[in-house]
Amino acid sequence: MELDADPELHGNQQGTVHGGLLCELADAAIGTAHSTLVGEGESFTSIDLKINFFRPVWKSTLRATAQPIQHGRTITHYTCDIVRDDGKVAATVISTIMTLRGPQAAGR
């Protein structure tokens, strides 16, 4: 996924893009990746998400790439790198996703 980030719209008190925006971008990329693994009538939910910030982001096109590092029947672990338009990693996210089936997936 890509996002055009700008501190004028997504800024914090320090004048850089807010870390919460990077969390949201990673969560969306991970959710999109996991949606390709769930079957008919299944759904999923996040169990956790941890982010490490490496570099600040100012105005930049951010690219988030998520991939499973372990895919089980119910629990899948992901990693997601968020890269600035200069090619440098701004943050890395790890997340755990639970696949829901049957009554647990109903209405979700």
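Residues numbered from 1 in each chain as written. Predicted model: local features only at pLDDT ≥ 70, side-chain atom pairs only at ≥ 80, totals over all residues. Heavy atoms only, no water.

**Observations regarding the sheet that holds strand S2 (residues 43-53)**
Reading across from one edge, S1-S3-S4-S5-S2 is the order of the five strands in this open sheet, with antiparallel pairing throughout. In the strand order of this sheet, the two ends are held by strand S1 (2-5) and S2, each with one partner. Strand-to-strand twist in this sheet, taken as the mean axis angle between neighbours without regard to direction, amounts to 25°. Direction of pairing for strand S3 (residues 60-71) relative to strand S4 (residues 75-83): antiparallel, over a ladder of eight bridges. Looking at S4, one finds that Ala66 is bridged to Cys80. (Pairing = 2+ DSSP bridges. Helix = DSSP H or I, 4+ residues; strand = E, 2+ residues; numbered from the N terminus. Axes fitted to C-alpha atoms, helices over the stretch in contact; angles between N-to-C directions.)

**Here we look at the state of the cysteines**
Scanning all chains against the criterion turns up zero disulfides. Summary of cysteine pairing: Cys23 is not part of a disulfide, and the nearest cysteine sulfur, belonging to Cys80, is at 10 Å. Residue Cys80 is classed as buried on the basis of its relative accessible area, which comes to 0%. (Disulfide = S-S within 2.5 Å. Buried < 20%, exposed > 50% of the residue type's maximum accessible area, 1.4 Å probe, protein only.)

**Considerations on the pairing of strand S5 (residues 89-100)**
The buried count for S5 comes to nine of 12 residues, which makes it a mostly enclosed element. The sheet contact formed by S2 and S5 spans 10 bridges and is antiparallel. Pairing of Thr45 across the sheet is with Met98, part of S5. Pairing analysis gives nine bridges linking S4 to S5, with the strands arranged antiparallel. Of the residues in S5, the one forming a bridge with Asp81 is Thr92.

**So, the nonpolar core**
Among the nonpolar cores identified, the biggest contains 21 residues, and Leu22, Ile30, Val57, Leu62, Cys80 and Ile82 are the most heavily contacted of them. Contributing elements (two or more residues each) for this core: helix H2 (19-35), S3, S4 and S5. In terms of residue count, H2 provides more of this core than any other element does, seven residues in total. Leave out the neighbours within four places in its chain, and Ile30 touches Ala66, Tyr78, Cys80, Val93, Ser95 and Ile97. (Core = buried A, V, L, I, M, F, W, Y, C linked by side-chain atoms within 4.5 Å. Contact = heavy atoms within 4.5 Å.)

**Digging into the side chain of Thr79**
Within the secondary structure, Thr79 sits in strand S4. A residue is classified by how much of its surface remains accessible, and Thr79, at 19% relative accessible area, is buried. If we skip the residues at most four places from it in the chain, Thr79 touches Thr65, Ala66, Gln67, Ile69, Thr92, Val93 and Ile94.

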